[in-house]
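Observations on chain architecture
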Amino acid sequence: MKIVGLMSGTSYDGVDVAAAEFTLDGDTLLLRPLGQRGLDYDDGLRAGIGALLPPGSTTIEAVCRLDNRLGEVFAEAAALGVELAGGAVDAVVSPGQTVFHWVDGGRARGTLQLGAVARVAARVGVPVLSDLRSADVAAGGQGAPLVPAFDALLLDPADGAAPRAALNLGGIANLTVLAPGAPVLGYDVGPANALLDAAARRFLDRPCDLDGARAAAGRVHPGLLELLLAEPYYAAPPPKSTGKELFHADYLDARLAALGEAVPADDVLATLTELTARVVAAECDRHGVTEVVAAGGGVRNPTLTDRLAALGAGRWRLRTTDELGVPAQAKEAYAFALLGWLSWHGLPGALPSVTGAARASVLGSWTPSGPAYRGVPSVAAPRRLRIVA
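These numbers were taken from a predicted model, which means no experiment stands behind them.

Rules used throughout
Per chain, residues are indexed from 1 in the order of the written sequence. Given that the model is predicted, a residue must reach a pLDDT of at least 70 before its local features are reported, and side-chain atom pairs must reach 80 or more before they are shown or counted; all residues, however, enter totals for whole chains, interfaces and linings. For the side-chain quantities, the full set of heavy atoms in the structure was used; hydrogens and water were omitted. Elements are defined by DSSP. Helices are runs of H or I of four residues or more, strands are runs of E of two residues or more, and each kind is numbered from the N terminus. Relative accessibility decides the category of a residue: with a 1.4 Å probe and only protein chains considered, values under 20% of the type maximum give buried, values over 50% give exposed, and everything between is partly exposed. Any two residues having at least one pair of non-hydrogen atoms within 4.5 Å are treated as being in contact. A 1.4 Å probe and the Shrake-Rupley method give the accessible areas. Residues count as covered only by the protein chains that appear here. Positive charge is attributed to Lys and Arg, negative charge to Asp and Glu, and no charge count is given to His or to the chain ends. Where a charge lies is defined by one atom per residue type, namely NZ (Lys), CZ (Arg), CG (Asp) and CD (Glu). The pairing criterion is simple: DSSP has to find at least two bridges between the two strands. To get an axis, fit a line to the C-alpha atoms, keeping to the stretch in contact for a helix; angles then go from 0 to 180 degrees between the N-to-C directions. Residues enter a nonpolar core if they are buried and are Ala, Val, Leu, Ile, Met, Phe, Trp, Tyr or Cys, with the set joined through side-chain atoms within 4.5 Å.

Thoughts on the overall build of the chain
Secondary structure assignment for the chain yields 13 helices and 14 strands. Across the 389 residues of the chain, 55% fall into the buried class. Relative to all contacts within the chain whose residues are 6 or more apart in sequence, the contacts with residues 24 or more apart total 72%. Accessible area of the chain: about 15500 Å², with a carbon and sulfur share of 53%. Taken as two groups, the 33 positive and 41 negative side-chain charges of the chain have centres that lie 3 Å from each other.

Thoughts on the pairing of strand 9 (residues 172–178)
Across the seven residues that make up strand 9, a large majority, seven, are buried. Burial along strand 9 is two-sided: Ile172, Asn174, Thr176 and Leu178 and Ala173, Leu175 and Val177, pointing in opposite directions, are all buried. Across six bridges, the pairing between strand 8 (residues 164–169) and strand 9 is antiparallel. Note on strand 9: the bridge partner recorded for alanine 165 is valine 177. Two successive antiparallel strands, strand 8 and strand 9, enclose a turn made up of two residues.

Quick notes on the pairing of strand 3 (residues 28–40)
Relative to strand 3, strand 2 (residues 14–25) runs antiparallel, the two being bridged by 12 bridges. Residue pairing for strand 3: alanine 19 is matched across the bridge by glycine 35. Hairpin geometry of strand 2 and strand 3 is characterised by an intervening segment of two residues between the two adjacent antiparallel strands and by a positive phi of about 65° at glycine 26. Note that strand 3 and strand 14 (residues 384–387) share four bridges and pair parallel.

Focus on the sheet that holds strand 10 (residues 185–191)
With mixed pairing, the five strands of this open sheet are ordered in space as 10-9-8-11-12. The two strands at the open ends of the sheet, each matched to only one other strand, are strand 10 and strand 12 (317–320). In this sheet, adjacent strand axes meet at a mean angle of 25° when their direction is disregarded.

What about the nonpolar core?
Core analysis: the largest hydrophobic core is formed by 47 residues, its most contacted members being Leu167, Leu169, Leu175, Phe247, Leu272, Leu275 and Leu308. The biggest single contributor to this core is helix 10 (residues 265–286), with 10 residues. Each residue touching leucine 169, except ones within four places of it in the same chain, is listed here: Ala192, Asn193, Thr276, Ala295, Gly296, Gly297, Gly298, Val299, Leu304 and Leu308. Judged by nonpolar contacts, the second largest core, of 35 residues, contains Phe150, Ala330, Trp341 and Leu342.

What about the sheet that holds strand 7 (residues 128–130)?
Pairing is mixed across the open sheet formed by seven strands, whose spatial order is 13-7-4-1-2-3-14. Among the strands making up the open sheet, the edge pair consists of strand 13 (365–367) and strand 14. Strand-to-strand twist of the sheet, defined as the mean angle between neighbouring strand axes without regard to direction, takes the value 30°. Of the strand pairs in this sheet, strand 1 (residues 2–7) and strand 2 are connected by six bridges, and their pairing is antiparallel. For isoleucine 3, the partnering residue across the bridge sits in strand 2 and is alanine 20. Helix-sheet contacts for helix 3 (residues 117–124) involve strand 4 (91–93), strand 7 and strand 13, and the interaxial angle to strand 7 is about 165°.

Below is the structure:
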């Protein structure tokens, strides 16, 4: 099968597109990357998403307009993915843009992604899988993170003698821990780019601190760091998930106000970078991992990755998924393509040991287009994933 995976994360800066060909060889699933691209949102669309996200208020009209605007962009991204695949694919996975993840008392109660999937299906003429989180939430799970299913196949715990971790540095940092003889563990650790980007918009009038340059020029403010590390979310046990519902611009403003003193912009960015590095490193140390394989937009920030590497020195080494044949910037898009393959074959894509669900769920809802979607004969669940050059 050829499948296009799309991904728009909590940084809401654009859509990652990945096209992949899947072939099952015994109990090994072969993934051949066919190409990946990024499609940036324009300033107006980014502003529209930002205005809709918590803690802002909105209207049903604004939700409807944004849903369809996003659908048009996802349709364009899907068409680009079809081109990368050589002009024809079997399916597209369009998970949409998360605008609210309803967590109450540590339990996920609901989740909402926008992206007018019918527009995507009409554009590409093949079945499109969307709404991937709701089935797991309905089964009592967090609905996130979903990438650990990909991590568990790619970094088969049986292949190593010591625990390893897969780290994604998007708007939120999430960790997958894989240890021989133990269930897969995965959860949202805390903010990665979410607060950094909020600070860049607030103090620099830019969408991000490019390459972490301003953070590198600043100094960590001990008082601000102490206030940030006091966040109760970090001490909560998994399963757990979070997003812009917690880590947003007003959250940062409240901590700065509680500090009661002015902090230079570069020092704020340096402190937020240190926050992410320390929270991630503490979790890696807690699980006794020997290797951390990172992906996501945060790996392009050398100030952050250098600090992570320094904190792990002597205990675990940091590398990226590029070394395994998966482009770090497109890992989540490839992971969603894999979830589409699993769903097509009636196989679950959410791991109860990760999300806390009562059962493993087949993810998503199919929007038919072109030949009627009937699926294919059931196949055995693969045990590992291998990347084909």
